[in-house]
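A look at the structure
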Amino acid sequence: MRYTQLGRTGLKVSRLVLGTMNFGPQTDEADSHAIMDAALDAGINFFDTANVYGWGENKGRTEEIIGSWFAQGGGRRDKVVLATKVYGNMGPDGDAWPNHDKLSAVNIRRAVDASLKRLGTDRIDLYQFHHIDRATPFDEIWQAIDVLIQQGKILYAGSSNFPGYKIAQANETAARRGGTIGLVSEQCLYNLAERRAEMEVIPAARDYGLGVIPWSPLHGGLLGGVIKKEAEGGRRASGRAADTLADPVARKQIQAYEDLLEKHGVEPGETALAWLLTRPGVTGPIVGPRTREQLDSALRALELELSEELLASLDEIFPGPGPSPEAFAW
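Read on for a plain summary of the structure. (Residues numbered from 1 in each chain as written. Predicted model: local features only at pLDDT ≥ 70, side-chain atom pairs only at ≥ 80, totals over all residues. Heavy atoms only, no water.)

The next point concerns the layout of surface pockets. Taken as a whole, the second largest pocket holds about 240 Å³ of empty space. Lining the second largest pocket are 15 residues, and of these Phe162, Leu189, Arg196, Ala197 and Val201 lie nearest its centre. Of all the elements in the fold, those that place two or more residues in the lining of the second largest pocket are helix H6 (164–177) and strand E8 (183–189). The greatest single-element share of the lining of the second largest pocket, amounting to three residues, is contributed by E8. Among the residues making up the lining of the second largest pocket, the classes are represented as nine nonpolar, two polar and four charged. (1 Å grid on protein atoms, 1.4 Å probe; cavity = no way out; pocket = protein on both sides within 12 Å on 5 of 7 lines; lining within 4 Å. Points joined across faces, edges and corners; volume = space filled by probe spheres on them. Helix = DSSP H or I, 4+ residues; strand = E, 2+ residues; numbered from the N terminus. Nonpolar A, V, L, I, M, F, W, Y, C, P; charged D, E, K, R; others polar.)

A few words now on helix H5 (residues 138–151). The end-to-end C-alpha separation of H5 is 20 Å, in line with the 20 Å expected for 14 residues at 1.5 Å each. Among the residues of H5, Phe138, Ile141, Trp142, Ala144, Ile145, Asp146 and Leu148 are the ones counted as buried. Each element contacted by the buried residues of H5 is listed here: helix H4 (105–119), strand E6 (124–129), strand E7 (154–160), H6 and E8. Following H5 by one or two positions, glycine 152 adopts a phi angle in the positive range, close to 80°. (Expected span 1.5 Å × (residues − 1). Buried < 20%, exposed > 50% of the residue type's maximum accessible area, 1.4 Å probe, protein only. Contact = heavy atoms within 4.5 Å.)

Here we take up the packing of H4 against H5. Remark: H4 packs on H5, axes separated minimally by 9 Å, with the N-to-C direction vectors making an angle of 30°. Helix-helix and strand crossings are classified by hand; for H4 and H5 the assignment is right-handed. Contacts between H4 and H5 involve Ala105, Ile108 and Val112 from the former and Glu140, Ile141, Ala144, Ile145 and Leu148 from the latter. In the contact of H4 with H5, the residues fall into seven nonpolar, no polar and one charged. (Axes fitted to C-alpha atoms, helices over the stretch in contact; angles between N-to-C directions. Left-handed = near helix turned anticlockwise from the far one by under 90°.)

Right, let's get into the pairing of E8. Across the seven residues that make up E8, a large majority, six, are buried. Handedness of the crossover is the feature at issue here: the chain leaves E7, passes through H6, returns alongside E8, and the resulting connection is right-handed. The sheet contact formed by E8 and strand E9 (residues 211–215) spans five bridges and is parallel. The residue of E9 that forms the bridge with glutamate 186 is valine 212. As a crossover connection, the stretch from E8 through helix H7 (residues 201–207) into E9 is right-handed. (Right-handed = clockwise from strand over helix to strand, strands pointing away. Pairing = 2+ DSSP bridges.)

A word on H6. Along an α-helix, residues three or four positions apart point the same way, because every turn accommodates 3.6 residues. Here H6 spans 20 Å end to end across 14 residues, near enough to the 20 Å set by a 1.5 Å rise per residue. When we look at burial in H6, the residues that qualify are Gly164, Lys166, Ile167, Ala170, Asn171, Thr173 and Ala174. For H6, the secondary structure elements touched by its buried residues are H5, E7, E8 and H7.

Glancing now at the sheet that holds E6. What the eight strands build is an open sheet, ordered E9-E8-E7-E6-E5-E4-E3-E10; its pairing is parallel. Looking at which strands have only one partner, the edges of the open sheet turn out to be E9 and strand E10 (286–287). Here E7 runs beside E8; their pairing, made up of three bridges, is parallel. The partner of serine 160 across the bridge, within E8, is glutamine 187.

Let's shift gears to the nonpolar core. Note on soluble globular proteins: their nonpolar side chains tend to be buried together. Formed by 82 residues in total, the largest nonpolar core has its most connected members in Ile108, Tyr127, Phe129, Trp142, Ile145 and Tyr257. Excluding residues that lie within four positions of it along the chain, tryptophan 142 makes contacts with Phe129, Ala157, Ala170, Asn171, Thr173, Ala174, Arg177, Thr180, Gly182 and Leu183. If you look at the next biggest cluster of nonpolar residues, it comprises twelve residues, including Leu6, Leu11, Leu126 and Ile286. (Core = buried A, V, L, I, M, F, W, Y, C linked by side-chain atoms within 4.5 Å.)

It is worth spelling out the pattern of salt bridges at this point. Overall, the coordinates contain 18 salt bridges when judged by the stated rule. Across the pair glutamate 194 and arginine 196 runs a salt bridge whose closest N-O atoms are separated by 2.9 Å. By relative accessible area, which is 12% here, glutamate 194 ends up buried. By relative accessible area, arginine 196 is classed as exposed at 60%. (Salt bridge = Lys/Arg side-chain N within 4 Å of Asp/Glu carboxyl O.)

Moving on, we come to the environment of leucine 16. Mapping leucine 16 onto the fold places it in the loop between strand E2 (12–14) and strand E3 (17–19). Put simply, leucine 16 and leucine 299 are 283 residues apart on the chain and 7.8 Å apart in space, counted from C-alpha to C-alpha. When near neighbours in sequence (up to four residues on either side) are disregarded, leucine 16 contacts Ile44, Phe46, Pro285, Val287, Ala298, Leu299 and Leu302.

Below you can see the structure in the form of structure tokens.
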């Protein structure tokens, strides 16, 4: 396993991040524990979750599954850099009682304590804001975070799904307040098929010393060989992948991608992960395996070296937006 620093911090994290969103909804507790054991055995030390994972009436279930795995001992908790998130409404019926969601100081305090209880731990290593809160000023957010850091309940703060200007606003506010390190990471949608983050989000993250943690590195399965799998009678595309393939132009693009990788003798999903590992500013992509086999495939991406020829061909199929502001200004 390869490791890197998380942004400008001294924290060492693995180049692959174990995403746990499937734990509970699609993967039962026993299999989830087995996947976490296998990830730790492979050297993955960075685990990502969120308080809302489990979804619907089971919100919080994923954190509970991680907590029961920690409870098995064996140094599990101390070996893991644990990241979770705050923002979403935790009410099972979808209607939030006032102050029970988003990033007010009162909800941050409540949400941290609830997550700590479900996770069965005394601290969260990376506490991430799952979305921007347009109603809460960053002065209030940082005041709440500073208290939690002083209490030892969290160690670092990160963002998720933030635009570039909010990353700047958050860290400028932190710098003005003094005594707080500010955001150290940004978790964003970023992959070969979705490169808009290169225009503003990633440049802002790099300028402010944030590690970039891409989610959906296979774009909902679209970059995992979905057309070939369908042709071979495998699992059919769903969600984002199915919607994209319904567009003939997009389907032709994905077919060109799969044909290119077949020519080079490499697997689509592993290539998509390996490509992200070559991107400036990327700490590591989040992989969310439902099975042990999917985890093994993700681990193989760490050993995959992409040639300059292949990287250039991938850029031809999935061209990025180009540098900002030229990409949209000229």
